[in-house]
Amino acid sequence: MRTKIRQAVITGGEGTLAQAVAQALQDPAWEILAPSRTALDLRDQHAISRYFHQHQPELLVCAAGIIKDAPITKTTEQDWDEVFAVNFTAAVACARAALPGMIAQGCGHIIFISSFSALHPPAGQLAYATAKAALLGLMAELATHHGPDNIRVNCILPGFLETRMTAEVSTRRRQEILAAHALQRYNTVAAVGKFIRHLHHELPHTSGQVFQLDSRAG
């Protein structure tokens, strides 16, 4: 009998973290999808609905994110909307679109990639920190509501990572972040990918949790 191929979808597929997660999840029994912006436009609700009508993943990792740092007096309405659209609204839309398939399958797992900034926002990171904090509330509600459907929902704070998104962070700011780490080193995208694989495959009874993966205490 042919084994059914299980499916995972990782949003923000062109990003450094999403690609590391996809690599960590590689398995002959799985189809790992990390769609590009062309394949899945996260700013288009109808495109998201169409994508998840065609794909019904057991695992959804919402890893898309953008940063437009500015204090409240300099954050434009356009920048606020764009940051929220990618970091939060798209995650809501993807979860909403994926849930019916998960319920029909009798199992599912949604992982939101939040940020240390959600709990300890640095000065001048208003929109990003607020959007990532909103993911924590979304995770908690979905985990409670859909636990009876055998659907897990968790949230990961990966810590500062060397990615294309953080490439323009100043040397001074990097030093400040590093100084706050007890281990005096950053987390890596490879380690985050391996953790997600472990969380999904080896912790089947874990839901509604927030996992901080670096060594900052606050």
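These numbers were taken from a predicted model, which means no experiment stands behind them. (Residues numbered from 1 in each chain as written. Predicted model: local features only at pLDDT ≥ 70, side-chain atom pairs only at ≥ 80, totals over all residues. Heavy atoms only, no water.)

Caption draft 1: Quick peek at the overall build of the protein. Helix and strand counts for the protein come out as 6 helices and 6 strands. Start at the N end of the protein and walk to the C end: the helices and strands fall as β-α-β-α-β-α-β-α-β-α-α-β. Each principal axis of the C-alpha atoms in the protein carries an extent, and together these give about 60 × 40 × 30 Å. Counting across all 218 residues of the protein, residues that qualify as buried make up 48%. (Helix = DSSP H or I, 4+ residues; strand = E, 2+ residues; numbered from the N terminus. Buried < 20%, exposed > 50% of the residue type's maximum accessible area, 1.4 Å probe, protein only.)

Caption draft 2: Inspection of the side chain of arginine 152 at higher detail. Along the chain, arginine 152 turns up in strand E5 (residues 151-157). Within the buried set, arginine 152 has no salt-bridge partner at all; the shortest N-O distance to an opposite charge, 5.9 Å, is to glutamate 58. At a separation of 3.5 Å, a polar atom in the side chain of arginine 152 contacts the side chain of histidine 109. Other than its neighbours up to four places away in sequence, arginine 152 contacts Gly108, His109, Ile110, Leu199, His200, Leu203, Pro204, Thr206 and Ser207. (Lys, Arg positive; Asp, Glu negative; His and termini not counted. Salt bridge = Lys/Arg side-chain N within 4 Å of Asp/Glu carboxyl O. Polar contact = N/O pair within 3.5 Å; in protein donor to acceptor, adjacent residues only side chain to side chain. Contact = heavy atoms within 4.5 Å.)

Caption draft 3: Here's a closer look at the layout of surface pockets. What the largest pocket holds in volume is close to 1200 Å³. Along the wall of the largest pocket there are 49 residues; nearest its centre are Gly65, Ile67, Tyr128, Met165 and Thr166. Counting residues per element, the ones that place at least two in the lining of the largest pocket are helix H1 (16-25), helix H3 (77-105), helix H4 (126-146) and helix H5 (171-179). No other element matches the 3 residues that H1 contributes to the lining of the largest pocket. Among the residues forming the lining of the largest pocket, the class breakdown is 22 nonpolar, 17 polar and 10 charged. (1 Å grid on protein atoms, 1.4 Å probe; cavity = no way out; pocket = protein on both sides within 12 Å on 5 of 7 lines; lining within 4 Å. Points joined across faces, edges and corners; volume = space filled by probe spheres on them. Nonpolar A, V, L, I, M, F, W, Y, C, P; charged D, E, K, R; others polar.)

Caption draft 4: How the structure looks around empty space enclosed by the protein. On inspection of all chains with the given rule, the structure shows 1 cavity of 30 Å³ or more. A volume near 50 Å³ is recorded for the largest cavity. Residue lining of the largest cavity: Thr11, Leu42, Cys62, Ala63, Ala64, Val86, Asn87, Ala90, Ala91, Cys94, Ile113 and Leu135, and that is the complete set. When residues of the lining of the largest cavity are assigned to their parent elements, the largest contribution, 5 residues, is made by H3. Across the lining of the largest cavity, the residue classes break down as 10 nonpolar, 2 polar and no charged.

This is a description of form; function is not addressed.
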